[in-house]
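Given next are the chains, with one letter for each unit.
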Amino acid sequence: MRKKVIAGNWKMNKTLEEGLALASEVVNIAKDEVPADVNLVMCIPYISLAAISKIAGDKVAIGAQNVYQKESGAFTGEISASMLKSVGVKYVIIGHSERREYFGETNQQLADKVNIALANGLTPLFCCGETLAQREKGIHIDFVNTQLTEGLFHLSPEDFKKVVIAYEPIWAIGTGVTASDEQAQEMHAKIREHLASKYSAAVADEISILYGGSMKPDNAKGLLACKDIDGGLIGGASLKSRDFIDIAKSY
Ligand code: PEP
């Protein structure tokens, strides 16, 4: 049985005080309203991780939005996986399209980040997804498959099973345009097929693949009902406790 994951990505939003307020709303509502089999995750700015993980309780796991690919050393401004672990972080987003685009993160770097996250017991939330131009050229499936091959396929089946994948078409992120249920399901099925070709159908069947891209309370139900969609990575709507919880309740 694949795990259902609803993960919020706050991006570069919320001061510590604002973050504490939002997180406590989510934690309070979630314990009464979110079904037990839905794993809620909040991926929040580094500066808030330590304080918010103290108030998160059992129902909400805390995630970071990035990690550096080395264990320690002279890397001014970076944060290691063991530091994240030391403040209670359980998940880490790796390879978000904004990091690939604005910070030039390559598939090789992302493979190293996946390794260091796993070595420290963190669950990588590995992002993939194509641009609109790639989709229009019909190369979106190959592009996403290459991201997965280069970022993840060095892993043993045992390690691979610890990863959560997020398919996030770049044209749907922060744009208000969501992939249709059919477009999203088609890509998720293709991704699972690609995972099966490297590992096995049984391994592919165990991997949770989340959809991300303008998921909101009013479109979540249709997306989350798709056979190969196992949850969502939610940006904008995770900044409002009610919207985030309503998405999680859409299962
Ligand atoms: C994201 O940044 O991962 C995302 C899906 O953002 P949004 O929900 O705002 O499109």
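Residues numbered from 1 in each chain as written. Predicted model: local features only at pLDDT ≥ 70, side-chain atom pairs only at ≥ 80, totals over all residues. Heavy atoms only, no water.

Chemist: Help me understand the site of the ligand, please; the structure alone is not making it clear to me.
Modeler: Taken together, 14 residues surround the ligand, and among them Lys11, His96, Glu168, Gly174 and Ser214 come closest. Within the backbone of Gly236, a nitrogen or oxygen atom sits 2.9 Å from an oxygen atom of the ligand. When the ligand sits alone it has 290 Å² of accessible area, and the protein chains cover 96% of it. Taken together, the residues that form the shell around the ligand break down as 4 nonpolar, 8 polar and 2 charged. (Near = heavy atom within 4 Å. Polar contact = N/O pair within 3.5 Å; in protein donor to acceptor, adjacent residues only side chain to side chain. Areas by Shrake-Rupley, 256 points an atom, 1.4 Å probe, with all protein chains shown as cover. Nonpolar A, V, L, I, M, F, W, Y, C, P; charged D, E, K, R; others polar.)

Chemist: For this particular structure, what's the right way to read the pairing of strand 2 (residues 38–43)?
Modeler: The side chains of a regular strand alternate between both faces of the sheet. Counting buried positions along strand 2 yields 5 of 6 residues, so the element is predominantly enclosed. Here strand 1 (residues 4–9) runs beside strand 2; their pairing, made up of 6 bridges, is parallel. Opposite Lys4, over in strand 2, you have Val38 as the bridge partner. As for the winding sense of the linkage, the β-α-β connection from strand 1 through helix 1 (residues 16–33) to strand 2 is right-handed. Strand direction decides the pairing type here: strand 2 and strand 3 (residues 60–64), joined by 4 bridges, are parallel. Residue pairing in the sheet places Cys43 in a bridge with Gly63 of strand 3. (Buried < 20%, exposed > 50% of the residue type's maximum accessible area, 1.4 Å probe, protein only. Helix = DSSP H or I, 4+ residues; strand = E, 2+ residues; numbered from the N terminus. Pairing = 2+ DSSP bridges. Right-handed = clockwise from strand over helix to strand, strands pointing away.)

Chemist: Would you mind going over the pattern of salt bridges with me for this structure?
Modeler: Once the charged atoms of two side chains with opposite charge are near each other, the side chains can pair. Taken as a whole and assessed by the stated rule, the structure comprises 15 salt bridges. Lys11 is the partner of Glu98 in a salt bridge, and the nearest nitrogen-oxygen pair spans 2.8 Å. Remark: Lys11 occurs in the loop between strand 1 and helix 1 and Glu98 occurs in helix 4 (residues 97–102); sequence separation between them is 87 residues. Residue classification places Glu98 among the partly exposed positions, given a relative accessible area of 23%. As a salt-bridge pair, Glu206 and Lys161 come within 3.9 Å of each other at their nearest N and O atoms. Of this pair, Glu206 sits in helix 10 (residues 201–206) while Lys161 sits in the loop between helix 8 (157–160) and strand 6 (164–167), placing them 45 residues apart in sequence. A relative accessible area of 43% places Glu206 in the partly exposed class. Lys161 sits in the partly exposed class, given a relative accessible area of 36%. By sharing partners, the salt bridges in this structure join Arg2, Arg192, Asp205, Lys227, Asp228 and Asp230 into a single network. (Salt bridge = Lys/Arg side-chain N within 4 Å of Asp/Glu carboxyl O.)

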